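# Structural characterization, general
Listed below are the residues making up each chain.
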Amino acid sequence: SPVQPPSRTSATNTVTRQAKQQTSVSATTIPQTNQHPTMSAMPVPGNPNQHQYPGAPGHPPPNGQPGQPQQPGGPRDESYFTESRKGEVNELRQLLRTFGTERDKQRKRDIMKKVIAYMTLGIDVSRLFTEMMLAIETRDLVIKKMVYLFLCNYAETHPDLAQMCTNTLVKDCGNEDPMVRGLALRSLCSLRLPQMIEYTSEPLRRSLQDGHAYVRKTGVMGILKMYHLNKEEFDKAAFNDILYDMLRDPDSSVVTNCILVLNEIMADSGGMALNRAVMLHLLNRIHEFSEFGILSVLDLVPRYIPANDEEGFQIMNLLDPVLRTANAGAVVATIRAFLSIADAVGKRPEDDRDPDSPSVDDLKRQVVVRIKAPLVTLVASGSNELTYVLLKYVDQLIDLCPGIFDDEYRQFYVRYNDPTHIKHSKVRILAKLANPETAPDIVAELGELVANVDDTMGRIAVRSMALIAIHDSGGPGAVESIARRLVDMLDLQGIPHVSSEAATALASLVRRHPSIESVVSAPLPRALKYIIEPTGKASVIFLLGECGDSITEAPYALEKVIDSYDSISDDCVKTALLAATVKLFFKRPPEVQQMLGRLLKKATEDVTSQDLHDRALFYYRLLRSSPDPSVAKSIITSKSMTMTTDHFAEEDDSELKAALMDEFNTLCTIYHCRAENFIDDENIVRFVKMPTDHPLPREAVVVPVVDPGVNNITDQFDGASLAETPAPVAAPAYSGEVDLLGFGDDSMGAPPPPAASTSTLQSLSLKSNVSLTGEEYQHKWGAVSDTEAVVISALPISNSPSSTDTVEGALSAFSVFTMASGELPTEFKFFLYGQEEDSFGGGFFLIQAVVQKAPASLTLTIKPNGGDIDPNKRKEKIDQLVELIKTALGE
């Protein structure tokens, strides 16, 4: 029977009754239909009585619902097993399923951006891993990059799914596009799964020999990821040696990454190994590096020990142009490099060196003088954060070499728009810049800051004024003038923190200069009444004890404080009161005797401070048991606390300052404490200077380090330092290789084949014993214009040489010697030279040779210097020289 519409009052009972009736109806009474359930559930347009949901009256229920016969093993409607819920992830899944058929490039990117956006917001979209894997096959670099980002993000939490993309990533590592190769390699290494080591080793090794710099530098960073993932496999692959070889890479960004990776891999031993060849090679190329790369190279210099004084000075001259950059990090790193070199090459008192050699302190002062101008410029022009950090470095350098920054004191005046922390730093520095010429202006400036609305600023200003007087850096009359200013501040009742700081400053000033007691004494009894801060009150009480013999009201002022002893809560006030009363007792015994007895009784019974209790007992026993009162008087009233140096003993931090100079350009300067105070021991990087042994004796003459700004040869070579090559010896001895990384010795390589003393082909005969320094070679090369150079391209040679040793040995047999050489990923480069016999003109031939590895070919650039001026004869000799080189290398 049809179901009656439920009433409002019995809606719940009617619905329940309807469900029971539908469940009890026989299956045979349900009319069968061949329509799909979803089709029958669709409403008929224009029929307002038809319900919009399956199972309504007059509407056949869908399969699987009550009232429908259940057929064991029968067909089921698949629509009930399809996820049709709405949500972000399901919407994205539907979009990704149509990704392959979508032709709109921008729409594809928008879909990927939406996936990455949800992932960034923290929504778990890992269920889309399969769909994202299908989208990786695209030529659109933007889409591929986003897919790689998705894979790397979920690889660690879904390692099984991550392995699905391994083959695709390995395949992309061999893509023709270098950007795709680099991105695929970076993503492959970023999966960071132990089981991926076997897949990453070979692509990494190939990437280090790639022809594109982006792929190579990505491969270098991939080595670091492999190191952290599995150190045993890393050691087996011998990537360490490969990284050292890649320091000669022609691209500076690759070299930068090599330095960073080697420093992190070898952190336990103090960083990457350094020797003279490595440092000179990097310093000769420092002009090629980016600002970030320059910092990486400069961080190595403090760890390098120069071979001797001359080399140290040459390195400093080489780094001097860096001070002209606008990069504050590079400037500060250069300062640290200069200070470390000065410390290494400067003469110390125990050295038995030339008396005219500059000492360590002299060199450091010269360094600070040189860096003063660029550092002050950066302080005045930098951002607030940068200015604060640079002010910390300036403060440290002023402590190292006082007096050098004094003439720049106006640069450290407080500006109205300076942040608070910068104002505080400038005021502290101003006190250290005072001298007889600058002190009046500085004290006047500090006096204007005393009444600043910032309480801390006022306190620092008062302390800075007192510091000038304590150090007596203001010249004659400055101490008394500052003391009078501080006395006037005692009466600033409306600014209690200034009065308190002034009292504390006067107490220190009296300790340093007892002669100003007459200036200080008059306002003390009055100041004791209204100074409320414990430190200031204790300082006034101390001054009453020191100056009590000249202050009539001193005993009575102290007596009022003693009578209110029980209301005093600060131990520093009680201790100062006890010391001042005992000292005043020996100056004015009749007036102080009674009050001293009351004070000793209260202090010995006071258990709030153990120090106060013990001090009171000491005074009591000393006064009672001393047979001679003069002994007790000499002990208590002695001037042992008077400061006789420029600092108090309790404020001596010379050891800390020396330690902070060793860690210059680190957070230690900012925090003003050692690294172990804020870094765990296991995370502190060891600072190891190297090499311990140099190939050159200290008195040896060093080949000059050529300034990279004019080193055109090095610019062309892109691989070796001209400053490291030893002079060649007579054939057939080995001519000497530029061992850029210091792995070999001077006798490296197989000896060349024997040859005659001279090589003569018609009108050309070369000397067998020629010596040129790097500077001479550079000068001769620059003296010949490029228009006079003879360039011979793509000469075929039989086989590509296996190493630079092979080429150098073959050429030296024909009296063609090597100035510098290096191996690049696709070629070898050599700078060669030879000299004619004097009878043939005595001219030099300077040669740049480039040997391509595949296909094997030779390109020569020859510059004749001196000798015959006849163009025909010169051309004939060059032709014979080319034939000689081709013969040596095997045409």
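Reference entry: report on the structure contained in this document. (Residues numbered from 1 in each chain as written. Predicted model: local features only at pLDDT ≥ 70, side-chain atom pairs only at ≥ 80, totals over all residues. Heavy atoms only, no water.)

This part covers the nonpolar core. Formed by 201 residues in total, the largest nonpolar core has its most connected members in Val-125, Phe-150 and Phe-405. Sorting elements by how many residues they give to this core places helix α18 (residues 328-345) first, with 12 residues. With residues up to four places along the chain from it excluded, the contact list for Val-125 reads Val-89, Leu-92, Val-115, Tyr-118, Met-119, Phe-150 and Tyr-154. The next biggest cluster of nonpolar side chains, apart from the first, holds 25 residues, and it includes Ile-797, Leu-832, Ile-862 and Ile-878. (Core = buried A, V, L, I, M, F, W, Y, C linked by side-chain atoms within 4.5 Å. Buried < 20%, exposed > 50% of the residue type's maximum accessible area, 1.4 Å probe, protein only. Helix = DSSP H or I, 4+ residues; strand = E, 2+ residues; numbered from the N terminus. Contact = heavy atoms within 4.5 Å.)

Take the state of the cysteines next. In a disulfide, the sulfur atoms of two cysteines are covalently bonded to one another. Tallying each qualifying case throughout the model produces 0 disulfides. Between Cys-173, a free cysteine, and Cys-189, which holds the nearest cysteine sulfur, the sulfur-to-sulfur gap is 7.5 Å. With a relative accessible area of 12%, Cys-173 lands in the buried category. (Disulfide = S-S within 2.5 Å.)

Pairs of packed helices are described in terms of their axes, by the angle between the two and the distance that separates them. In the contact formed by helix α30 (residues 571-587) and helix α31 (residues 589-605), the axes pass within 8 Å of each other and the chain directions differ by 150°. Put simply, α30 runs roughly antiparallel to α31. Between α30 and α31 lies a crossing of left-handed hand. Here Leu-577, Leu-578, Thr-581, Val-582, Leu-584, Phe-585, Phe-586 and Lys-587 of α30 come into contact with α31, specifically with Pro-589, Val-592, Gln-593, Met-595, Leu-596, Leu-599 and Leu-600. Across the contact of α30 with α31, the residue classes break down as 12 nonpolar, 2 polar and 1 charged. (Axes fitted to C-alpha atoms, helices over the stretch in contact; angles between N-to-C directions. Parallel < 35°, antiparallel > 145°, perpendicular 65-115°, else oblique. Left-handed = near helix turned anticlockwise from the far one by under 90°. Nonpolar A, V, L, I, M, F, W, Y, C, P; charged D, E, K, R; others polar.)

The backbone of Asp-472 shows a phi angle near 55°, a positive value even though the residue is not glycine. In this structure Asp-472 comes out as partly exposed when scored by relative accessible area, which is 39%.

If you trace the 5 strands from one edge of the open sheet to the other, you get β3-β7-β6-β5-β4, paired in antiparallel fashion. Strands at the two margins of the open sheet, each flanked by one partner only, are β3 (790-796) and β4 (817-823). Mean inter-strand twist for the sheet, computed between neighbouring axes without regard to direction, equals 15°. One ladder, built from 9 bridges, connects strand β6 (residues 844-852) with strand β7 (residues 857-865); its direction is antiparallel. Bridging from a neighbouring strand, Ile-847 pairs with Ile-862 of β7. Sitting on the sheet, helix α39 (residues 871-889) touches β3, β6 and β7, and the angle it makes with β7 is about 145°. (Pairing = 2+ DSSP bridges.)

Moving on, we come to the pattern of salt bridges. One pass over the full model with this rule turns up 34 salt bridges. For the salt bridge of Asp-491 with Arg-526, the shortest nitrogen-to-oxygen distance reads 3.3 Å. With Asp-491 in the loop between α24 (478-489) and α25 (496-512) and Arg-526 in helix α27 (residues 524-530), the pair connects residues that are 35 residues apart, well separated along the chain. The partly exposed category is assigned to Asp-491, whose relative accessible area is 33%. By relative accessible area, which is 40% here, Arg-526 ends up partly exposed. Glu-546 is paired through a salt bridge with Lys-583; the nearest N and O atoms lie 2.5 Å apart. Note that Glu-546 is positioned in helix α28 (residues 534-546) and Lys-583 in helix α30, a separation of 37 residues in sequence. Considered together, Glu-546 and Lys-583 belong to a single accessibility category, that of buried residues. (Salt bridge = Lys/Arg side-chain N within 4 Å of Asp/Glu carboxyl O.)

Turning to the pairing of β7, a few remarks are in order. Counting buried positions along β7 gives 8 out of 9 residues, so the element sits mostly inside the fold. Direction of pairing for β3 relative to β7: antiparallel, over a ladder of 5 bridges. Its bridge partner lying in β7, Ile-792 is registered against Leu-860. Linkage of β6 to β7, two consecutive antiparallel strands, is achieved through a turn of 4 residues.

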